[in-house]
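Chain by chain, the residues:
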Amino acid sequence: MRSRSTLGSVAVLTGALAAAGLAFAPTAGAVAPGSATAVYDCGTWGSGTATLAATQSGTAATITLTAAITTPVAVGVDTISSTLTMAKAGGGTQVFAGKKNPALAAGQSVKIGPLSGTVASGTSVNSYFAGPALKMVIFGVTVTCDAVTSQSPGPFVFS
């Protein structure tokens with residue numbers, strides 16, 4: 001009888017600890033909207049609508065950008081060093097950076113990311129107009145792009 005009581009107590013205690021662990025586990029964040037578009041002007045490299053996709057897990061956030069500009073030459077995997085600067089609601093900037101891209105054939109739309117950044121809950125970011133919003137370094141050549149429009153359907157808001 002005593003062993004059944006001990007086993008029952010252990011089972012209840014284990015269940016309680018598991019429930020407490022779930023209650024205090026960090027939650028994954030959500031960003032809304034998940035994707036948006038904005039127009040970027042990259043000077044002699046071209047201009048057009050870019051698609052931005054955002055994800056979030058806690059304070060870690062990423063943005064992947066598919067640009068309207070095309071690469072004139074083939075580019076290997078993870079050879080484009082990129083910095084995307086976004087305007088924070090209320091002032092300041094939020095930077096997403098990285099050296100991530102798929103292999104791109106000549107003439108293919110440039111795709112970069114996921115670019116990483118750290119965000120606080122409630123951070124809202126949109127197109128940056130006070131200078132270059134996007135900087136890419138490809139084979140030692142720096143390409144800068146200015147945001148021409150705000151994001152549509154609206155800014156990314158991280159929870």
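Residues numbered from 1 in each chain as written. Predicted model: local features only at pLDDT ≥ 70, side-chain atom pairs only at ≥ 80, totals over all residues. Heavy atoms only, no water.

## So, the overall build of the protein
Scanning the protein from N- to C-terminus turns up 1 helix and 11 strands. Moving toward the C terminus, one meets the helices and strands of the protein in the order α-β-β-β-β-β-β-β-β-β-β-β. Across the 159 residues that make up the protein, the buried fraction comes to 31%. By element, 62% of the accessible surface of the protein is carried by carbon and sulfur atoms, the whole surface being about 8400 Å². (Helix = DSSP H or I, 4+ residues; strand = E, 2+ residues; numbered from the N terminus. Buried < 20%, exposed > 50% of the residue type's maximum accessible area, 1.4 Å probe, protein only. Areas by Shrake-Rupley, 256 points an atom, 1.4 Å probe, with all protein chains shown as cover.)

## Some points on unusual backbone geometry
For the bond running from alanine 32 to proline 33, omega is -10°, close enough to zero to count as cis. Residue placement: proline 33 occurs in the loop between strand E1 (31-32) and strand E2 (35-41). In the segment running from glycine 113 into proline 114, the intervening peptide bond is cis, with an omega of 15°. Mapped onto the secondary structure, proline 114 falls in strand E7 (residues 109-118).

## Re the state of the cysteines
What we call a disulfide is simply a covalent bond connecting the sulfur atoms of a pair of cysteines. The full count for this structure, using the stated rule, is 1 disulfide. Note that cysteine 42 is cross-linked by a disulfide to cysteine 145, the S-S spacing being 2.0 Å. A torsion of 105° about the S-S bond marks the disulfide between cysteine 42 and cysteine 145 as right-handed. Here cysteine 42 is found in the loop between E2 and strand E3 (47-57), whereas its partner cysteine 145 is found in strand E10 (residues 141-147), with 103 residues between them in sequence. An identical accessibility class is assigned to cysteine 42 and cysteine 145; each is buried. (Disulfide = S-S within 2.5 Å.)

## A look at the confidence of the model for the protein
On average, residues of the protein score 86 in pLDDT, and 82% of them are at 70 or above. Low pLDDT, under 50, characterises residues 1-27; the stretch is placed with 1 contact to residues that sit more than four places away or in other chains. (pLDDT = per-residue confidence, 0-100. Contact = heavy atoms within 4.5 Å.)

## A few points about the side chain of threonine 123
Looking at the secondary structure, you find threonine 123 in the loop between E7 and strand E8 (124-126). Side-chain polar atoms of threonine 123 contact the backbone oxygen of alanine 120, separated by 2.7 Å. When near neighbours in sequence (up to four residues on either side) are disregarded, threonine 123 contacts Lys88, Gln94, Phe156, Val157 and Phe158. (Polar contact = N/O pair within 3.5 Å; in protein donor to acceptor, adjacent residues only side chain to side chain.)

## Section: the pairing of strand E4 (residues 60-70)
Inspection of the sheet shows E3 paired to E4 by 7 bridges, in the antiparallel sense. Bridged to threonine 55 within E4 is threonine 62. Linking two consecutive strands that pair antiparallel, namely E3 and E4, is a turn of 2 residues; a positive phi of about 65° is found at glycine 58 within it. Bridge analysis of E4 against E7 gives 7 bridges, and the strand direction is antiparallel. Bridge pairing links isoleucine 63 to leucine 115 in E7. (Pairing = 2+ DSSP bridges.)

## Quick word on the side chain of threonine 71
Within the secondary structure layout, threonine 71 lies in the loop between E4 and strand E5 (80-88). Owing to a relative accessible area of 4%, threonine 71 belongs among the buried residues under this scheme. Dropping the residues within four chain positions of it, threonine 71 is found in contact with Leu104, Ala105, Ala106, Gly107, Gln108 and Val110.

## Some points on the packing of aromatic side chains
Under the criterion given, the structure shown has 1 aromatic pair. Between phenylalanine 96 and phenylalanine 158 the ring centres are 6.4 Å apart and the planes differ by 35°, which places this aromatic pair in the tilted class. Linking phenylalanine 96 in strand E6 (residues 93-98) with phenylalanine 158 in strand E11 (residues 156-158), this pair joins segments that are 62 residues apart in sequence. Here phenylalanine 96 matches phenylalanine 158 in class, with each residue buried. (Phe/Tyr/Trp six-rings, centres within 6.5 Å; stacked < 30°, edge-to-face > 60°.)

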